[in-house]
Amino acid sequence: MKREITFTLNDDIVSVYVESDEKLLDVLRYKLGIKSPKQGCGRGECGSCSVLLNGKSVRSCIIYAVEIDGQKIETLEGIQKNGITKLQRSFVEHNAFQCGFCASGVTITMTEFLRKNPYPKIAEIKEALSGNLCRCTGYKSIVDAIADATKEGE
Amino acid sequence: MSSFDYFSPKTLEEAVQLYNEHSASARLLLGGTDLVNMINDEMIKTNAVIDLKNIAYLKQLELKDNHLYIGADVTFTELIESDIIREKFPVIWESSRKVASMGIRNRATIVGNICSSVPSADSAPALLIRETIVRVMSVNGKREIDIADFFIGPRKNALKENEIVINLKIPVLNKSFGGSYVKMGRYKGEDLAQVGVATLVTEDLQYRIAYCAVSPKPIRIKKAEQLLNGREFSVEFLKDVDTEIMNAISPIGDIRASKSYREKMSSVLLEKSLIASYSRLKGNKPEYGKELL
Ligand code: FES
Ligand code: FES
């Protein structure tokens, strides 16, 4: 049963027809051209498909698109609309990623986290990051970049 | 063609009606962190998914008549961010922080967690020691289930086919107490529990002990509590307590831990949990939320 859903996507109101069992991730990527969220595990474990739903990071691979009718979704495309953020700049400066597949999910997760906790301790960064898997880096460069971008007094 | 129809009722009445009509094949959807994978994996077949997230009543998180009410659609993140939970239900607060990772806690609900009824449910020990009442509703009306009777076995619980859990009702403790939840996973950060234990000690020295991941269902172990009741805590009592714990638990060996490792760790974690709970009762550290392992 196809139905029309309407939601806010990076400050635009969009409407799209979806099947009940279509995942939000697939609708974003294949129907709306939003390519920043990536499919890694497809079962909520790796975080590479993360998007912000009403400001909170969630896994778009285990959300049906029908569930977000009337809600607000933000992706990297929206977050960096006016140029990359301080956090992203720090990722670049630290060469924080290698293949970059996890980068979008990490950035989304940290964007939410830093809005709530702008000057986190290293342990807090690591806890917040624990649901985002990175197969390349061993995390150190990512954590360093986040720590650097959130040093107090900057 | 979609494999199921999707419904998003706006009221409880509508929801129980729909669930009753489709009950045999319908599934209730909250955070979806468990359900969506089960549907993907074809572990379950459903032709009607009923999304409960548009029912305002289920978002309720409030103190009323000396009880806390946690609606079915309250997420772990909402619990962690609530001052009421942090101050009056600190073990629920502490264990909620141990559930998976932020991206899951933002979506997953504590009611969904108990409805999945997996043996390792992180929220179960804390709810067991706070003597939680599970309130359910169907077209036949409402009823209350003691959480101790709610879990039946792996992925099995006391809900009837057409019943929906609407909220949890938890008595406020009108005396001072200390509590803790200690969870062990294979590594720090996100993992299912190998063993999880919650304990509580009240100012009149009543003890409560509950476990997850060491038997087919989360359990409270009253026989062990009785050996401690009325006594100021000392690790010397733990030998006897241990015997009762071993009688009560029946862990399995799996990919996460062997049976004997789980047994040994059940004692180790209990000791850590009781030491922390007793210390907190006396107003001392460790603070709630501190790493206890
Ligand atoms: S692809 Fe969604 S969590 Fe891995
Ligand atoms: S940089 Fe390759 S997965 Fe993280």
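Computed from a predicted structure; not experimentally measured.

### Overview of the domain arrangement of chain B
Residues and elements named next belong to chain B.
Then, number 1: Segmenting chain B into domains produces domain 1 (5–51), domain 2 (56–171) and domain 3 (177–281).
Then, number 2: Between the C-alpha centres of domain 1 and domain 2 there is a distance of 18 Å.
Then, number 3: Taken together, both faces of the contact between domain 1 and domain 2 bury some 1,500 Å²; the carbon and sulfur share is 69%.
Then, number 4: Area buried by domain 1 at its contact with domain 2 is led by Leu12, Val16 and Leu30, which between them contribute 39% of it.
Then, number 5: The interface formed by domain 1 and domain 2 includes 1 salt bridge.
Then, number 6: With a shortest N-O distance of 3.1 Å, Asp34 and Arg155 are connected by a salt bridge.
Then, number 7: At the boundary of domain 1 with domain 2, the tally comes to 4 residue pairs in polar contact (both at pLDDT 80 or more).

### Here's the deal with the packing of helix H3 (residues 86–93) of chain A against helix H4 (residues 103–116) of chain A
Residue and element names in this part refer to chain A.
Then, number 1: Where H3 contacts H4, the two axes come as close as 10 Å, and the packing angle between them is 135°. The angle between the axes of H3 and H4 places the two elements in the oblique class. At the point where H3 passes H4, the crossing takes the right-handed sense. For the pair formed by H3 and H4, the contact residues are Leu87, Gln88 and Phe91 on the first element and Val106, Thr107, Met110, Thr111 and Leu114 on the second.
Then, number 2: Of the residues that constitute the contact of H3 with H4, the class distribution is 5 nonpolar, 3 polar and no charged.

About the cut-offs
Here the residue numbering is sequential within each chain, running from 1 through the sequence in written order. Lettering for chains starts from A, numbering for ligands starts from 1, and both go in the order in which the items are written. Restriction of local features to residues with pLDDT of at least 70 applies here, the model being predicted, together with a cutoff of 80 or more for giving and counting side-chain atom pairs; totals for whole chains, interfaces and linings are based on all residues. To obtain the side-chain values, all non-hydrogen atoms of the structure were used and water was disregarded. By convention here, the domain bounds are inherited from an automatic or database domain assignment. We define buried area as the total accessible area lost by two parts upon association, computed with a 1.4 Å probe and summed across both. Basic side-chain nitrogens of Lys or Arg form a salt bridge, by our definition, when they fall within 4 Å of a carboxyl oxygen of Asp or Glu. Polar contact is the term for a pair of N or O atoms within 3.5 Å; when the atoms are in protein, one must be able to donate a hydrogen and the other to accept it, and sequence-neighboring residues count only if both atoms are side-chain atoms. In this analysis an axis means a line fitted to C-alpha atoms, helices contributing only their contacting stretch, and an angle means the value between N-to-C directions, from 0 to 180 degrees. The helix and strand labels rest on DSSP assignments: H or I over at least four residues marks a helix, E over at least two residues marks a strand, and numbering proceeds from the N terminus. For this classification, under 35 degrees means roughly parallel, over 145 means roughly antiparallel, 65 to 115 means roughly perpendicular, and everything else is oblique. If you view the pair so one helix is near and one far, a crossing is left-handed when the near helix is turned anticlockwise from the far one by less than a right angle, and right-handed when it is turned clockwise. Two residues form a contact once any of their heavy atoms are found within 4.5 Å. Only Asp, Glu, Lys and Arg are considered charged in this grouping, and only Ala, Val, Leu, Ile, Met, Phe, Trp, Tyr, Cys and Pro are considered nonpolar; every other residue, Gly among them, is considered polar.

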